[in-house]
Amino acid sequence: MHMMDMRGKAAIVGIGEVPTGHYPERTFADAALTVAEMAIKDANINKSEIDTVIPIGVVSNSINNGNIVCSQMIEALGLGSHAKSNFQVMSGGSSSASSLKVASALVATGLSKAVLVVHCDQMGTQLDLETAISTFSKVSVSPEYETPYGWSQLGLGGMMQQRYMHDTGATERQIAAVVESLRKWAALNPNAMMRTPRTVDEILESPMISTPVRKRMMNVLADGAAAYIVTSPERARDLTDQPAYILGMGSKCTNFTTTQQPSDLVSAWRPAAEEAYAMAGITPKDIDVAQIYDAFPVFILISLEILGICKPGTAGKFVEDGNIAPGGKLPCSTNGAMMAQGHTGAGGGIAILVEAARQVMGKAGDRQVPNIKYAVETATGGVGMDMHVGVLGTEV
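The structure reproduced in this document is the subject of the present report.

What follows is about the sheet that holds strand β1 (residues 11-21). What the 9 strands build is an open sheet, ordered β3-β2-β4-β7-β1-β8-β11-β10-β9; its pairing is mixed. Of all strands in the sheet, those with a lone pairing partner are β3 (85-86) and β9 (289-291), marking the two edges. Relative to strand β11 (residues 386-393), strand β10 (residues 374-379) is paired through 6 bridges, and the arrangement is antiparallel. Directly across from Glu-377, in β11, lies its bridge partner Gly-390.

Next up on the list: the pattern of salt bridges. This structure, assessed with the given rule, holds 11 salt bridges. The residue Glu-17 makes a salt bridge to Arg-358 at a minimum N-O spacing of 3.1 Å. Linking Glu-17 in strand β1 with Arg-358 in helix α14 (residues 347-360), this pair joins segments that are 341 residues apart in sequence. The exposure class assigned to Arg-358 is buried, which follows from its relative accessible area of 9%. A salt bridge links Arg-214 to Glu-172; the shortest N-O distance between them is 2.8 Å. Separated by 42 residues along the polypeptide, Arg-214 in strand β6 (residues 213-214) and Glu-172 in helix α7 (residues 172-187) bring together distant segments of the chain. Since its relative accessible area comes to 16%, Arg-214 is described here as buried. What you see here is one network of salt bridges that share partners, running through Glu-17, Glu-355, Arg-358 and Arg-367.

Before going further, it helps to examine the nonpolar core. Counting 95 residues, the largest nonpolar core has Ile-50, Leu-116, Ile-229, Leu-304 and Ile-309 as the members making the most contacts within it. Broken down by element, this core gets its largest block of residues, 9 residues, from helix α10 (residues 265-280). Sequence-distant contacts of Ile-229, defined by excluding residues within four places in its chain, comprise Ala-11, Ile-12, Val-13, Gly-14, Ala-39, Ile-40, Ala-43, Ile-45, Ile-50, Ala-114, Val-115 and Leu-116. Grouped together as the second largest cluster of nonpolar side chains are 32 residues, Ile-56, Val-89, Val-115 and Ala-346 included.

The next thing to look at is the pairing of strand β2 (residues 50-55). Along β2, 6 of the 6 residues are buried, which leaves the element largely enclosed by surrounding structure. In this structure, β2 lies alongside strand β4 (residues 114-122), joined through 5 bridges in parallel fashion. Looking across to β4, one finds that Pro-55 is bridged to Val-118. Here β2 runs beside β3; their pairing, made up of 2 bridges, is parallel. Each residue of the ladder has a partner; that of Val-53, found in β3, is Asn-86.

With that out of the way, let us pick up helix α5 (residues 129-138). One side-chain oxygen of the residue at the start of α5 lies 3.1 Å from the amide nitrogen of Glu-130, identifying that residue as Asp-128. Following α5 by one or two positions, Ser-140 has its phi on the positive side, about 65 degrees.

A word on the side chain of Thr-344. Secondary-structure assignment places Thr-344 in the loop between α13 (337-340) and α14. The class of Thr-344 is buried, set by a relative accessible area of 5%. Once residues lying within four places of it in the same chain are set aside, the contact partners of Thr-344 are Thr-20, His-119, Asp-121, Met-123, Ala-222, Asp-223 and Gly-224.

Running from N to C, α7 and helix α11 (residues 297-306) cross one another at 100 degrees; their axes reach a closest spacing of 8 Å. Taken as axis vectors, α7 and α11 run roughly perpendicular relative to one another. Residues Ile-175, Val-178, Val-179 and Leu-182 of α7 form the contact with α11, whose participating residues are Pro-297, Val-298, Ile-300 and Leu-301. Considering only residue class, the contact of α7 with α11 consists of 8 nonpolar, no polar and no charged.

Criteria and thresholds
- Numbers given for residues are sequential positions, taken from 1 along each chain in its written order.
- Totals for whole chains, interfaces and linings use all residues, but because this is a predicted model, local features are given only for residues with pLDDT of at least 70 and pairs of side-chain atoms are given and counted only at 80 or more.
- The basis for every side-chain value is the complete set of non-hydrogen atoms in the structure, without hydrogens or water.
- When DSSP locates at least two bridges between a pair of strands, those strands are taken to pair.
- Under the scheme used here, helices are H or I runs from DSSP no shorter than 4 residues and strands are E runs no shorter than 2 residues, and both carry numbers assigned from the N terminus.
- For salt bridges, the criterion is a side-chain nitrogen of Lys or Arg within 4 Å of an Asp or Glu carboxyl oxygen.
- The buried label applies to any residue whose accessible area, calculated with a 1.4 Å probe on protein chains only, is under 20% of its type's maximum; exposed applies above 50%, and partly exposed to all values in between.
- Nine residue types can take part in a nonpolar core, namely buried Ala, Val, Leu, Ile, Met, Phe, Trp, Tyr and Cys, and a core is a set of them joined through side-chain atoms within 4.5 Å.
- The criterion used for residue contact is that any of the two residues' heavy atoms lie within 4.5 Å.
- Any pair of nitrogen or oxygen atoms within 3.5 Å is treated as a polar contact; in protein, a donor-acceptor pairing is required on top of that, and neighbouring residues in sequence qualify only through side-chain atoms on both sides.
- Lines are fitted to the C-alpha atoms to define the axes, a helix being fitted only along its stretch in contact, and any angle between axes, read from their N-to-C directions, falls within 0 to 180 degrees.
- By definition in this entry, angles of less than 35 degrees are roughly parallel, angles greater than 145 are roughly antiparallel, angles of 65 to 115 are roughly perpendicular, and the rest are oblique.
- Polarity classes work like this: nonpolar for Ala, Val, Leu, Ile, Met, Phe, Trp, Tyr, Cys and Pro, charged for Asp, Glu, Lys and Arg, and polar for all others, with Gly in that last group.

So, in structure tokens, the structure goes:
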């Protein structure tokens, strides 16, 4: 099958999500089952049609990960009489794109009727602070060449922001404006963790953590869960008035460690956006909403340029002028993204994909962007190892 043939060969028909935050009383099994059942109900689908479950990797607890890998959801949902497959897809923060690619291909080839993707993690309550810090300073960091020098994912945020500011002339105020916009969206999102609006000045008053990244420019580890269901476009039209059709996908995987990362990410990762647009038959001008993966706020500025929404070096001004905030020219990361919805391990990307589907399906409530035709979503894993771009639309 030629890659271009994937356009309109699958659709998202149902989504589920529980609030993100610190929920020590909410068990892993309960949260995972809840979002799966929400997605099934939302899709209006008979459970017997779901023949594949894809659980995303769990970072906070290896036993929970082992259980979900070994068909915990198949049994909990009562799918044991007809299900064909339960297998894990995991590529860190880009697991949203990886799972969507696999689910869409299974449906397009006829290997599956309907695929349920489930993410659940408890990054907020299962990891003590020391473990969390140590995990994020060692994962995707070279033990030979980076760890001995104190490198960590937090160091990455500081260096990437420093480099971007140096190359483009972007200011600290412009970086803070990204967070201000995300907080405005989170205030409209009942599932977001940090719903208190923050002004640029309040963000800049917060203490410096990893120069030039300040405390309020960092995401916070949280518990969260979300799910989505993919099926064929024909079945999707029977199930729901407005499916989110998968129109384009593009991917670029470049490195493991930061020291091997291309210094010009916009050029290195732009092919992912170009591939997705070509498949979908659109240009950046056609995009109505962009759901951008955001480990740090500077990621949103870089991604706006990779996506061709802003010319290189102009994203800071674009955001500072209010263009990505509610009511702006190009609404962006309308769930508040990881900066405001919360960092749930691989689930940060899943939440962004689920929000893209939610907007296209017209189910975003107070933050619904009117008259959507096309949504673009991105995902990145590791310490910036890859870039995935997806285009969802209201029609094929």
